[in-house]
Amino acid sequence: DKFSWNYGQSSKLSAFSGRNGNWVDVEAGSPKEYKDDEFMVVNFYRFVFIENPEEEVSRHLSFMQGRDIHGRIYMNEQGINAQYSGPSKDALAYVEWVKSDQRFLDILVQITPALNGHAFPKLKLRYKPSLVQPYECAILLLDKVLLCR
């Protein structure tokens, strides 16, 4: 079985390959077929008001039942922050399910192959008072410019 994911518009660019140390041509946003058992790491976040984050956590935990997802997915009144791994069938199903919610429709998702199976030991999906640790990134708003240091 294969799971096909068609996300966004296609654009050609070059990317640096850590595997061989060369620049390679890639097509970003192009449809790609993943084998169901091909593992990947998925990252996304979205700052958006969530009225009842504990209830939202329960909904997400229910969706995760029977899926092979390991990682950290945190939610609070400010939004969601997710880093997780799993076989493509489960990992991409969760992305599509999250994006089906209007609040998360426009999230930018980063996907990386996980060559050795799961990148995380277990799933931690819970309410967390702060989505981003203060020491990780200080964000300043200056004339609509985001600076991260």
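Under an unreviewed UniProt entry, the name given to the protein is tRNA uridine(34) hydroxylase N-terminal domain-containing protein, and the source organism is Penstemon davidsonii.

A few words now on the sheet that holds strand S9 (residues 123-127). Here we have 5 strands laid out as an open sheet, ordered S8-S5-S7-S6-S9, and mixed in their pairing. Taken across any chain shown, the strands that pair with only one partner, and hence form the sheet edges, are strand S8 (110-113) and S9. Recorded for the sheet is a direction-independent mean angle of 10 degrees between the axes of neighbouring strands. Two elements, strand S5 (residues 39-47) and strand S7 (residues 79-87), share 9 bridges in a ladder whose sense is antiparallel. Counted as the bridge partner of Val41 is Ser85 from S7. Where helix H1 (residues 53-64) meets the sheet, its contacts fall on strand S6 (70-76), S7 and S9, and the angle it forms with S9 comes to roughly 155 degrees. The sheet contacts of helix H2 (residues 88-99) involve S5, S6, S7 and S8, and relative to S7 the element is tilted by about 160 degrees.

It is worth spelling out the nonpolar core at this point. With 25 residues, the main nonpolar core has Val42, Phe44, Ile73, Tyr84 and Tyr94 as its most contacted residues. Elements represented by at least two residues in this core include exactly S5, H1, S6, S7 and H2. At 6 residues, the largest contribution of residues to this core is made by H2. Sequence-distant contacts of Phe44, defined by excluding residues within four places in its chain, comprise Ile80, Asn81, Ala82, Tyr84, Tyr94, Val95, Val98, Ile107, Leu108 and Val109.

Conventions used here
- Residues numbered from 1 in each chain as written.
- Predicted model: local features only at pLDDT ≥ 70, side-chain atom pairs only at ≥ 80, totals over all residues.
- Heavy atoms only, no water.
- Pairing = 2+ DSSP bridges.
- Helix = DSSP H or I, 4+ residues; strand = E, 2+ residues; numbered from the N terminus.
- Axes fitted to C-alpha atoms, helices over the stretch in contact; angles between N-to-C directions.
- Contact = heavy atoms within 4.5 Å.
- Core = buried A, V, L, I, M, F, W, Y, C linked by side-chain atoms within 4.5 Å.
- Buried < 20%, exposed > 50% of the residue type's maximum accessible area, 1.4 Å probe, protein only.

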